[in-house]
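Each chain, written out:
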Amino acid sequence: MGNKISSSQFWLLATTMTITFKLNNFASLIYEGYNTTTVVVFAGYCLFDFFVALGIYRLAKRDFFSLLTTKRRLVLSLLLTAFYVIKMLANLSMQVAFCKNYLVTEMPVWLIYLIALVTAVMLSKFKMNSLARTNEITLPIVAFMLLINMVFLRVETNFDYLSPLFSKYNAGYNGAFRYFAWSLDSLPLLTCKVEDRKDNKEKKAGQIAYFFGMAFALTLVVVGQAIYGGAFKDVDNLYVKIGVFNDYSLQLGRLDWIGIICWQICAVVTVGAQASAVRSSVNLFFKSKKVPYLVFLGVYVLLAIYFVEQKTTTAFTLNYLGYVCFFTATIAFLLMIVAKLRGNYGKKDIKE
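Reading guide: rules and limits
Residues numbered from 1 in each chain as written. Predicted model: local features only at pLDDT ≥ 70, side-chain atom pairs only at ≥ 80, totals over all residues. Heavy atoms only, no water. Helix = DSSP H or I, 4+ residues; strand = E, 2+ residues; numbered from the N terminus. Contact = heavy atoms within 4.5 Å. Areas by Shrake-Rupley, 256 points an atom, 1.4 Å probe, with all protein chains shown as cover. Phe/Tyr/Trp six-rings, centres within 6.5 Å; stacked < 30°, edge-to-face > 60°. Buried < 20%, exposed > 50% of the residue type's maximum accessible area, 1.4 Å probe, protein only. Salt bridge = Lys/Arg side-chain N within 4 Å of Asp/Glu carboxyl O. Patch = residues over 30% accessible without salt bridge, like charges linked within 9 Å, V, L, I, M, F, W, Y side chains within 5 Å. Core = buried A, V, L, I, M, F, W, Y, C linked by side-chain atoms within 4.5 Å.

Enquirer: Hey, could you run me through the overall build of the protein chain in this one?
Expert: Summing up its helical and strand segments, the protein chain has twelve helices and two strands in all. The secondary structure elements of the protein chain, listed N-terminal to C-terminal, are β-α-α-α-α-α-α-β-α-α-α-α-α-α. Residue pairs in contact within the protein chain that sit at least 24 positions apart in sequence constitute 85% of those at least 6 positions apart. Carbon and sulfur atoms make up 64% of the accessible area of the protein chain, which totals about 16300 Å².

Enquirer: Whenever I open this one, the packing of aromatic side chains confuses me. Can you help?
Expert: The geometry of an aromatic ring pair is captured by the separation of the ring centres together with the interplanar angle, meaning the angle of the planes. Under the defined criterion, the tally for this structure stands at 29 aromatic pairs. Seen in terms of ring centroids, Phe 48 and Phe 180 are 5.4 Å apart; in terms of plane orientation they differ by 85°. Their pairing is edge-to-face. With a gap of 132 residues between them, Phe 48 in helix α3 (residues 38-61) and Phe 180 in the loop between α6 (127-151) and β2 (193-194) connect regions that are remote in the sequence. On the accessibility criterion, Phe 180 (7% relative accessible area) is buried.

Enquirer: Would you explain the pattern of salt bridges in this entry?
Expert: Oppositely charged side chains can pair when the atoms bearing their charge come close. Evaluated as defined, the whole model comprises five salt bridges. Notably, a salt bridge pairs Lys 4 with Glu 195, separated by 4.0 Å at the nearest N-O pair. Placement of the pair is Lys 4 in strand β1 (residues 4-5) and Glu 195 in the loop between β2 and α7 (199-228), with a sequence separation of 191 residues. The exposure class of Glu 195 is partly exposed, given its relative accessible area of 36%. Between Lys 22 and Asp 185 there is a salt bridge whose closest N-O contact spans 2.6 Å.

Enquirer: What is the right way to read a nonpolar patch on the surface from this model?
Expert: Residues Leu 294, Leu 297, Val 301, Leu 302, Ile 305 and Tyr 306 make up a contiguous nonpolar surface patch of about 620 Å² in total accessible area. Of note, Val 301 is situated in helix α11 (residues 291-306).

Enquirer: For this particular structure, what's the right way to read the nonpolar core?
Expert: For soluble globular proteins, the rule of thumb is that nonpolar side chains tend to be buried together. With 109 residues, the main nonpolar core has Leu 189 and Tyr 239 as its most contacted residues. Top element by residues in this core is helix α4 (residues 70-102). It accounts for 15 residues. Those residues in contact with Tyr 239, other than ones at most four positions away along the chain, are Ile 19, Thr 20, Leu 23, Leu 146, Gly 259, Cys 262, Trp 263 and Cys 266.

Structural data, given as structure tokens:
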């Protein structure tokens, strides 16, 4: 597919893609839905996503997706394309709502959607390896900026808000499937092939970075809940909101801009990776390279006409798209497992 990346690039991309939109409004939605300690549920989704990323990594090391037989590859591509499109719809909606609220309040929503989508499509033309290199440079800068912001954090926290663990478990176990549009974030990396010059060092460095990323995300959720308590359900982006409580706010002004820059960089990389996955997946069963643009146009029409407001997208995602994401990904994983068990891959030279 031309999406060759190293192990460290894989895990760094997985880190960015896993935590970016989870630290948008995911934690607050969990708090509102479960009326319980957000950290416990949030950690559960993060742990699940780690095992998904580990499975995707092992498959990408073997270039599994490219080596499937034509029939299985067709079915799998259709399923994954549906999944990637849903992720793009949900994430672009959140990204545009963020820009509308914090950056360009006077700009029409349709124009923000157009700019965001064109940016993602342009990034997808360079394929995942270019995005991975970009992420290698930007992620350490983002991590440093957020760390500096946290070091000078000064606010009264009440960790009693973290207990009891389960006060009213309103959503139940069935409700867990509603939130899977915010999960399975590393699945677009299945369209990559992982190749290393130094296997062990690359793999260990990347996995360590991933664990640090997950730990940092959980720390932000813990601090956010300790700060906001019962009002946590109204916190729309922890990257930004926690930056308000900075020791140097009086001298430098409110430091929301640190969180804004950090989140926006990660959002652009994440949505660009999803757009790249859509392009790669669609090109597997359509010879014309113009077909992915029709898919992107369909995404824009849905966003500009139906999903104009983030509230509409969030409600639709929780009621329908979260379930679709879970069952689509589940069927795709089952097909991959069956193909692996039956040895139905790696036997045909499939031209791209």
